[in-house]
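Now for the letters of each chain:
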Amino acid sequence: TTRSRRTATPPLNSSVRPLMSLPTVDELVALYSQVKGGDVGHAEHRLFQQHGLAPLIPLVASAYLRIRRGSGRARILFWLPRYARVRQDVVSLALSALSDRSYIVREYACSILAYSLRPDVIPQLTSLQVHPDPKTRAAAAAAIDAISSKNHHYFVDRKHSGSTFWSVNRGDVPGRSF
């Protein structure tokens, strides 16, 4: 008799989740501090299957500053733009990430703030206009443009062509419902 290695876990989009306790901040620090990106990805996938993302946000925000690897901090921010308009803790985390030593972390922080469309974050983004990294300056300028224009698509459509869209949540792309 052969045994299946498959486990009965619900898919990522399932609203039915097993009753499992949330991980500790220390466990999240260990997860996101791993060297191998594939290991982080697999662990993160299991974590999201078990709990979804929303209940983990306060925990990953607490773990964020203790994660030494920029790639781990970036992975956390990568998933958060969809909450930028509804959760202050996500905006606060993005604001603190603007001063991260990793370019990609700063880029993701700018993207979260661009999607938030919150004018009150423009002063912090403006301070990046003198950053030594030209990619960081460009990301900050794009975020400021998106917020000032009240159009999050301008973070990716930097020439305002109207042909490039950034779909984060359902209904973000004109004429599409996905």
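These numbers were taken from a predicted model, which means no experiment stands behind them. (Residues numbered from 1 in each chain as written. Predicted model: local features only at pLDDT ≥ 70, side-chain atom pairs only at ≥ 80, totals over all residues. Heavy atoms only, no water.)

1. What about the overall build of the protein chain?
Selection rule: Helix numbers and strand numbers start at the N terminus; a helix is a DSSP run of H or I with at least 4 residues, a strand a run of E with at least 2. The buried label applies to any residue whose accessible area, calculated with a 1.4 Å probe on protein chains only, is under 20% of its type's maximum; exposed applies above 50%, and partly exposed to all values in between. In what follows, a contact means two residues having at least one pair of non-hydrogen atoms within 4.5 Å. What sets the accessible areas is the Shrake-Rupley method with a 1.4 Å probe; for residues, cover comes only from the shown protein chains.
Within the protein chain, the regular secondary structure consists of eight helices and zero strands. In sequence order, the secondary structure elements of the protein chain are arranged as α-α-α-α-α-α-α-α. Sorting the 178 residues of the protein chain into buried and exposed places 42% on the buried side. Of the contacts made within the protein chain by residues no fewer than 6 positions apart, 59% connect residues no fewer than 24 positions apart. Approximately 10300 Å² of the protein chain is accessible, and the part contributed by carbon and sulfur atoms is 55%.

2. Describing the confidence of the model for the protein chain
As a reminder, the rule being used: Scored from 0 to 100, pLDDT reflects the predictor's confidence in each residue.
When pLDDT is averaged along the protein chain, the result is 87; 87% of the residues meet or exceed 70. For the stretch residues 1-18, pLDDT sits under 50, and the model shows 17 contacts to residues farther than four places along the chain or on other chains.

3. Here's the deal with the packing of aromatic side chains
For the record, the criterion: Side-chain rings of Phe, Tyr and Trp, where Trp is taken by its six-membered ring, are said to pair if the distance between their centres is within 6.5 Å; with planes under 30 degrees apart they count as stacked, over 60 as edge-to-face, and otherwise as tilted. Note on criteria: charge over ring means Lys NZ or Arg CZ within 6 Å of the ring centre, with the direction from the centre no more than 35 degrees off the ring normal.
For the structure shown, the criterion picks out five aromatic pairs. Between the aromatic rings of Y115 and W166, the centroid separation amounts to 5.6 Å while the plane-to-plane angle is 75°, which identifies the pairing as edge-to-face. You can see Y115 sitting in helix α6 (residues 103-116) and its partner W166 sitting in the segment after α8 (134-149), a full 51 residues away along the chain. What makes Y115 buried here is its relative accessible area of 1%. The class of W166 is buried, set by a relative accessible area of 16%. Among the aromatic residues, those joined into a cluster by ring pairs are F48, F78, W79 and Y108. The ring of Y115 is capped by R85, whose NZ or CZ atom sits 3.9 Å from the centre of that ring. Just above the ring of F155 sits the side chain of R158; from NZ or CZ to the centre is 4.9 Å.

4. Points about the environment of K135
Tracing the backbone through its elements, the reader meets K135 in helix α8. Each C-alpha atom, one on K135 and one on Y103, is 7.7 Å from the other, the two residues being 32 residues apart in sequence. Here K135 is in contact with Y103 and E107, once residues within four sequence places are set aside.

5. Re the nonpolar core
Applied cut-off: Each nonpolar core is a collection of buried residues, namely Ala, Val, Leu, Ile, Met, Phe, Trp, Tyr and Cys, held together in the definition by side-chain atoms within 4.5 Å.
Counting residues in each nonpolar core, the largest one holds 49 residues, and the members touching the most others are Y32, L77, L80, C110, L125 and F155. Elements with a minimum of two residues in this core: α1 (25-32), α2 (37-51), α3 (57-64), α4 (70-78), α5 (88-97), α6, α7 (122-126) and α8. Non-local contacts of C110, meaning those with residues more than four positions away in its chain, are made with L98, L125, L128, A139, A140, A143 and F155.

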